[in-house]
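Breakdown of the fold
Spelled out, the chains give:
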Amino acid sequence: MTRQNHKDTLIDLLESHGGPGFEQAVAEKCVTAFNEYTEDVQIDKLGNVIALVRGEGDGPRPKILLSAHMDEIALVVTKIDKGGFLRVWQAGGFDPRTLVGQEVVVHGKQPLLGIVGSKPPHLTSPEERSKAAPLEDLFIDVAMSEERVRELVNVGDRITLHRETMDLLNNRISGKALDDRTSIAVILECLRLLKPMRHVADVYAVATVQEEVGVRGATTAGYGVNPDIGIGIDVTFADMPGQDADVSFKIGKGPAIAFGPNIHPKVFQGLRDAAVEHHIPYQLELSQGPTGTDARAFQITREGIASGLVGIAIRYMHCSVETGSYDDIIDCGRLLAHYITTVDAKTVEGLTCY
Amino acid sequence: MKDLILKLAGYVAPSGSESAVQEALLELVKDVADEVYTDALGNGIAKKSGNGPHVALAAHADEAGVMVIHIEDEGFLRVISVGDVKAQALVGRHVKFTNGVTGVVGVESKVKLEDISFDNLYVDIGAENGDVAKSKVYIGLSGVALEPVVDIDEHKLAGRALDNRVGCAIAIEAFRQAAAAGHNVSLVFTSQQTVGARGAKTAAFQLQPDLAIVVDAVPAGDMPQATRMDLKLGAGPAVKIMDGTAIVPLKVKDHLIETAKKEGIDIQYEVWPRGLSDAGSIQLSVDGIPVGGVSYPARYVGNTSTMVDLRDAEAAVRLIVEAIRSY
Amino acid sequence: MLLKKLTEAMGPSGFEDEIRNVIREEVTPYVDKHYTDVLGTLICEKGVNKNGPRVMLDAHMDEVGLMIVHVEENGLLRFRPLGGIDPRVLVSKPVQIGPQKRFGVIGAKPIHLQSPEERTKPLSLKQLYIDIGAKDKDDALSAVKLGDVAMFTTKYEEIGDHCAKAKSFDDRVGCAVLVETLKAQFDLPLYGAFTVQEEIGLRGAGPVAYRLQPDIAIALEGTVCFDVADAPGHGQSTIMGKGPALTVHDGQTIANRRFLEFMMSVAEKYSIPYQLRRVKGGSNDYGAIHKVREGIIGGGISVPVRYIHAPTQLISLDDYQNTIRLVSAILTELAKGGFTA
């Protein structure tokens, strides 16, 4: 079957639930999705899904790791309070102001729909309204008696956002977990386009875990795979009024290619050359230190791994209405596929020549 | 168990200066181990080969403290914190250094209580001048704020260093029993935990076990207006679900919970979002090490005196031994 | 003059090309072999097949700097720091940008136009620009690229009583100590690692330690010194002119007491002045190195540097010479089996 593209797969991934450390449901879907391109799919000790698409020719082939993290920011039950209301803390960085009034799914013995409670305006004083409630003071209401709640929910159970993905204008979509499951779609688009192309490099497509709590999955995946080149694929910031110009990228204008100390200069060059040669629109993302992505871990794994970073721009990061463009996803996939075809033994040799 | 805890809590072992306590700890397991040693970072390690998967127990041996950083001409000492110690909490306390020298913590006058930092503190060891002081202490010498361990009631103890000498005692008991039963176990008394789980990192790389169980204190939340932690003193050990450094894999967490159920051990669940433990350093070593945690609730974690319930510690031993047997 | 060459070369974190070339040229005649790793660290080997403990000496090549990230319509450049720079030291300083080392200046609103209140507040990064004389945005972009990096322009000069001023003594003074050490002969396997990206989180040192697996590692640094007016004894960290400073406890390391005492005993045996670095903050590459693999024994030796991370830094040349002597004495004693790792 020749696929048009992986947009349906992406929507299915977005609507699956998987906070840091409990990505199993998303992982299963990633396994299925990767299986379209390879039978060789494994899950490592932390839960990273690692799919190997072999390159041409007899050994030793260059190893390129592409990683997209599959976890989404989540909440964790810290206490079942009187009346069965749930107190929570976060796994990943929420802006508590965006949580008030949200619908959530509590992953107890069975999934429960819940609401992040808010005090009605009738009962709130003007001073209260001018203040944002801290996360500690929020509570989740699953509309059940305390007794029932205690039967079904334990301290430590996870909570994720409940949001159906929406189609917006211009092939843009909006929903939860675009950070970073759009990058899993990027990998799938890359593999789809790569299939008829010739490449020497072995490609390890990796859906990593626990990025949102400190790039943990990438740390062990990088060590285990030990690639020559590790490319993190992660979303970046789309432009918004009041945001600094150098951290504001355009939706629909192609992937951002990162440059800076965290990025191997030759990997950056290779990616940019691929974009130029194949007329793929791209944007330059500058960073001045370790990035908050899987590339941060790859670079200093073992004896050091040449790292790269690309990604699409999305708006409203870490909200339940993250918004991005599928066109950018396809362009980012194309970029990676074309770059991969340029990598050979000589490229790898060049990585340690300064 | 109580005697063991009291003995261990007597040692002064600020992070990086654990050698005396490590010697004592390893002495307590030497007879059942194949091998005991301390490594480059100061971890105390005991190994016993046996049947089944290799399970490592990790309990940090260190505690937060202070270090001499300057000796004034007048004989007073200036100190910095080692690990998370608040300057305000030291004022007026006795400090005991690892070489036995004891002093009193003073504070410069004119400094308001809320503004006190280590810059305003000094330790008075009664030295008449700098030369006398230098004959008793040296820059780099570490110590701790003293607080004797006392019996609160039949089951409870309170005092200094219970976090984590209680964990060391639990790990010792569990290791001895598991080793005697022929299991493949090792035990690490980790060093430098309070400064960022440094020892655990290199220990994990050395051992690369099939499962690591971290034994440490977790703050109870059963005091007036306490932080929302659903943990009570005396209600049983807590199975770690997550802390600030690691999320325990479901398989490990479920194994510990199932084991407790089968053995009829009452447990609680640890969700300690900002908690720092050895778990993360171990989990992220090499290509990943399955990690779990069995914690004992303790009140006032991070303060000079913590309170624990011995019944939680005893149940923790049973839980760990059984979890090793059935893993 | 080695210190002049090294301090005036460009090499902000992640962009160490020029300084690496300078060092490579300096060490080539004296080492058996040199190569770079994937992050760009320059590794030198000397007598690695000899008996004795395998020692790795580390000095970071990178310096704090700036990166051009945006150009305003009027041609002024926006920048962000690479590494820890206090924005307060930037005002009224020249910089050099990119491979062409184009001059630019960081100015400020004239004092005449400032309100009394404005004058009391430090300028934030958002209020600072680099002016390269461009007429507008296009003109600026014809001369510099986004992502170009910039460094301070300070010249190396000897001043005062046997002191020297320059930019980036942190850590070019450590690099100079390492270069001088590699010129000498020692009867043990010696590795010199000129690392990258120390200033942005000790990034380069871990991978090279992982690769070399030394028995002993020593970081050679330029470190905080604030023995100036009004600083109390416990707020100085180190004193200029009192000799190399040995790390006791910093943000990333608690000294291995046995190795620290070994270094102190060597200094005493060879009558080399030394002091202890007495501050908790800051760190050096040994902080990353000692946690690698099973753990690596070692420590940190630093030359005190006044006004570290600022455009003009100050060292005592006696401290510099004594640091070279101490490192040499330590290697000699290590070769004799004076310390067992």
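Residues take numbers from 1 onward in each chain, read along the sequence in its written order. Each chain gets a letter, beginning with A, and each ligand a number, beginning with 1, in the order they are written. The predicted nature of this model means local features are confined to residues of pLDDT at least 70 and side-chain atom pairs, given and counted, to a pLDDT of 80 or more, with totals for whole chains, interfaces and linings taken over all residues.

**A few points about the overall build of chain C**
Threshold: Runs of E in the DSSP output that reach at least two residues are strands. Runs of H or I that reach at least four are helices, and both are numbered from the N terminus. Here the radius of gyration uses the C-alpha set of atoms, whereas the globule reference equals 2.2 Å times the residue count to the power 0.38. Exposed residues have 12 or fewer other C-beta atoms within 10 Å of their own C-beta, buried residues have 20 or more, and residues in between are partly exposed; the C-beta atoms are placed from the backbone. What counts as a contact here is a pair of residues whose C-beta atoms, placed from the backbone, lie within 7 Å.
If you tally the helices and strands in chain C, you get nine helices and 16 strands. For chain C, the C-alpha radius of gyration of 21 Å lies close to 20 Å, the compact-globule estimate for 341 residues. Structurally, chain C occupies a C-alpha span of about 65 × 45 × 35 Å along its principal axes. Taking all 341 residues of chain C together, the buried fraction comes to 53%. Sequence-distant contacts, at least 24 apart, represent 76% of the contacts inside chain C between residues at least 6 apart.

**What about the overall build of chain B?**
When its secondary structure is counted, chain B shows nine helices and 17 strands. The C-alpha atoms of chain B give 20 Å as radius of gyration, which agrees with the globular expectation for 327 residues (20 Å, within 12%). Taking the principal axes of the C-alpha coordinates as reference, chain B spans close to 60 × 45 × 40 Å. In chain B, buried positions account for 58% of the 327 residues.

**Here we look at the interface of chain A and chain C**
For clarity, the cut-off: Residues were grouped as follows: Ala, Val, Leu, Ile, Met, Phe, Trp, Tyr, Cys and Pro as nonpolar; Asp, Glu, Lys and Arg as charged; and all remaining residues, including Gly, as polar.
Taken together, the contact between chain A and chain C spans 22 residues of the former and 26 residues of the latter. A per-class count over the side of chain A that touches chain C returns 12 nonpolar, seven polar and three charged.

**Quick notes on the packing of helix H7 (residues 265-277) of chain A against helix H9 (residues 326-342) of chain A**
Residues and elements named next belong to chain A. What counts here: For every element, the axis is a line fit to its C-alpha atoms; helices are fit only across the contacting stretch, and the angle between N-to-C directions ranges from 0 to 180 degrees. Roughly parallel means an angle under 35 degrees; roughly antiparallel, over 145; roughly perpendicular, 65 to 115; everything else is oblique. A clockwise turn of the near helix away from the far one marks a right-handed crossing, whereas an anticlockwise turn of less than a right angle marks a left-handed crossing.
Where H7 contacts H9, the axes come no closer than 9 Å and their chain directions differ by 115°. Classified by the interaxial angle, the pair formed by H7 and H9 is roughly perpendicular. Two packed elements cross with a definite hand, and for H7 against H9 that hand is right-handed. Judged by residue contacts, Gly-270, Leu-271, Ala-274 and Ala-275 of H7 engage Leu-335, His-338, Tyr-339 and Thr-342 from H9. Residue composition of the contact of H7 with H9, by class: five nonpolar, three polar and no charged.

**Remarks on the sheet that holds strand S19 (residues 322-325) of chain A**
Residues and elements named next belong to chain A. Stated precisely, the cut-off is as follows: For two strands to count as paired, DSSP must find a minimum of two bridges between them.
Across the sheet, three strands lie side by side as S10-S11-S19; this open sheet has antiparallel pairing. Each end of this open sheet is capped by a strand with a single partner; those strands are strand S10 (166-167) and S19. Pairing of S10 with strand S11 (residues 172-175) involves two bridges; the strand directions are antiparallel. For Asp-167, the partnering residue across the bridge sits in S11 and is Ile-173.

**With respect to unusual backbone geometry**
With glycine set apart, most residues show a phi of negative sign, and most peptide bonds adopt trans. A cis amide bond, omega 20°, links Asp-163 of chain B with the succeeding residue Asn-164 of chain B. Residue position: Asn-164 of chain B is located in helix H5 (residues 162-180). Following Asp-170 of chain C, the chain continues into Asp-171 of chain C via a peptide bond in cis, with omega recorded as 5°. Relative to the assigned elements, Asp-171 of chain C resides in helix H5 (residues 169-183). In this structure, Ala-143 of chain A takes a positive phi of about 60° despite not being glycine. Along the polypeptide, Ala-143 of chain A turns up in the loop between strand S8 (140-141) and helix H4 (146-152).

**What to know about the sheet that holds strand S4 (residues 65-71) of chain C**
Residue and element names in this part refer to chain C. Strand order across the open sheet formed by five strands is S5-S4-S8-S6-S7, with antiparallel pairing between neighbours. In this open sheet, the two strands that pair with only one neighbour each are strand S5 (77-82) and strand S7 (102-106). Strand-to-strand twist in this sheet, taken as the mean axis angle between neighbours without regard to direction, amounts to 40°. In the sheet, S4 pairs with strand S8 (residues 149-152) via two bridges, with the strands oriented antiparallel. The partner of Met-67 across the bridge, within S8, is Val-149.

**Description of the domain arrangement of chain C**
All names here are of chain C. To keep it simple, the criterion reads: The start and end points of each domain follow an automatic or database-based domain assignment.
The domain architecture assigned to chain C consists of domain 1 (2-63 + 167-335) and domain 2 (65-152). Taking only C-alpha atoms into account, the centre of domain 1 sits 31 Å from that of domain 2. Every contact between the two is made by 12 residues of domain 1 and, on the other side, 12 residues of domain 2. The class makeup of the residues in the side of domain 1 that touches domain 2 is six nonpolar, three polar and three charged.

**Considerations on the pairing of strand S12 (residues 216-225) of chain C**
Residue and element names in this part refer to chain C. With 10 of 10 residues buried, S12 lies mostly within the body of the structure. Sheet analysis places strand S3 (residues 55-60) next to S12, joined by four bridges and oriented parallel. When the bridges of S12 are listed, Met-56 appears paired with Ala-217.

**A closer look at helix H6 (residues 198-207) of chain B**
Residues and elements named next belong to chain B. The buried fraction of H6 amounts to eight of the 10 residues, a majority that puts the element mostly inside the structure. Within H6 the residues assigned to the buried category are Arg-198, Gly-199, Ala-200, Lys-201, Thr-202, Ala-203, Ala-204 and Leu-207. For H6, the elements touching its buried residues are strand S2 (44-48), strand S3 (51-60), strand S12 (183-190), strand S13 (211-219) and helix H8 (279-283). Looking one or two residues past H6, Gln-208 carries a phi angle of roughly 40°, positive in sign.

**Considering the interface of chain B and chain A**
Between chain B and chain A, the contact holds 15 residues from the first and 23 residues from the second. For the side of chain B that touches chain A, the secondary-structure elements that each account for two or more residues are strand S14 (238-243) and strand S15 (268-272) of chain B. Of the residues that constitute the side of chain B that touches chain A, the class distribution is 11 nonpolar, one polar and three charged.

**Overview of H7 of chain A**
Residues and elements named next belong to chain A. For clarity, the threshold we go by: To estimate how far a helix should extend, the number of its residues minus one is multiplied by 1.5 Å. Taken from the helix axis, the directions to the C-beta atoms give the arc we talk about.
Over its 13 residues, H7 extends 18 Å from the first C-alpha to the last, a length consistent with the 18 Å expected when each residue adds 1.5 Å. Buried within H7 we find Val-267, Phe-268, Gly-270, Leu-271, Ala-274 and Ala-275. Along the axis of H7, the buried residues cluster in a sector spanning 165°; they form a single face. Exposed and oriented more than 90 degrees from the buried face of H7 are Val-276 and Glu-277. Where H7 is buried, its residues meet strand S13 (229-233), strand S15 (256-259), strand S17 (306-311) and H9. Positive phi shows up at His-279, right after H7, with a value of about 55°.

**Overview of the nonpolar core**
Going by this rule: Here a nonpolar core is just a set of buried residues of the types Ala, Val, Leu, Ile, Met, Phe, Trp, Tyr and Cys, joined wherever their C-beta atoms sit within 7 Å.
Membership of the largest hydrophobic core comes to 323 residues, with the highest contact counts inside it found for Leu-66 and Val-310 of chain A together with Leu-57, Phe-175 and Ile-320 of chain B. When residues in this core are grouped by element, the largest group, 11 residues, is from H5 of chain B. Setting aside residues no more than four positions away along its own chain, Leu-66 of chain A makes contact with Ile-187, Cys-190, Val-203, Tyr-204, Ala-205, Val-206, Ile-231, Ile-233 and Leu-336 of chain A.

**Topic: the domain arrangement of chain B**
Residue and element names in this part refer to chain B. Per the domain assignment, the segments of chain B are domain 1 (2-63 + 160-325) and domain 2 (65-145). Distance from the C-alpha centre of domain 1 to the C-alpha centre of domain 2: 31 Å. Taken together, the 13 residues of domain 1 in the interface contact 11 residues of domain 2. In the side of domain 1 that touches domain 2, the residues fall into four nonpolar, seven polar and two charged.

**Remarks on the pairing of strand S1 (residues 35-38) of chain B**
Residues and elements named next belong to chain B. Bridge count for S1 against S2 is four bridges, and the pairing is antiparallel. Across the sheet, residue Thr-38 finds its bridge partner in S2, namely Gly-44. Linkage of S1 to S2, two consecutive antiparallel strands, is achieved through a turn of five residues, within which Gly-42 is found at a positive phi near 100°.

**Focus on the environment of Ser-17 of chain B**
Residue and element names in this part refer to chain B. Mapped onto the fold, Ser-17 is located in the loop between helix H1 (2-9) and helix H2 (19-27). A tally of 27 C-beta atoms within 10 Å means that Ser-17 is categorised as buried. C-alpha separation for the pair Ser-17 and Ser-49, spaced 32 residues apart in sequence, amounts to 29 Å. Those residues in contact with Ser-17 that lie beyond four places of it in its chain are Thr-98 and Ser-142.

**Section: the packing of H5 of chain C against helix H9 (residues 317-335) of chain C**
All names here are of chain C. Closest axis-to-axis distance for the H5/H9 pair is 10 Å, and the angle between their directions is 45°. When the axis of H5 is compared with that of H9, the two are oblique. As H5 packs across H9, the resulting crossing turns out to be right-handed. Touching Val-173, Val-177, Glu-180 and Thr-181 of H5 are Tyr-320, Thr-323, Ile-324, Val-327 and Ser-328, all from H9.

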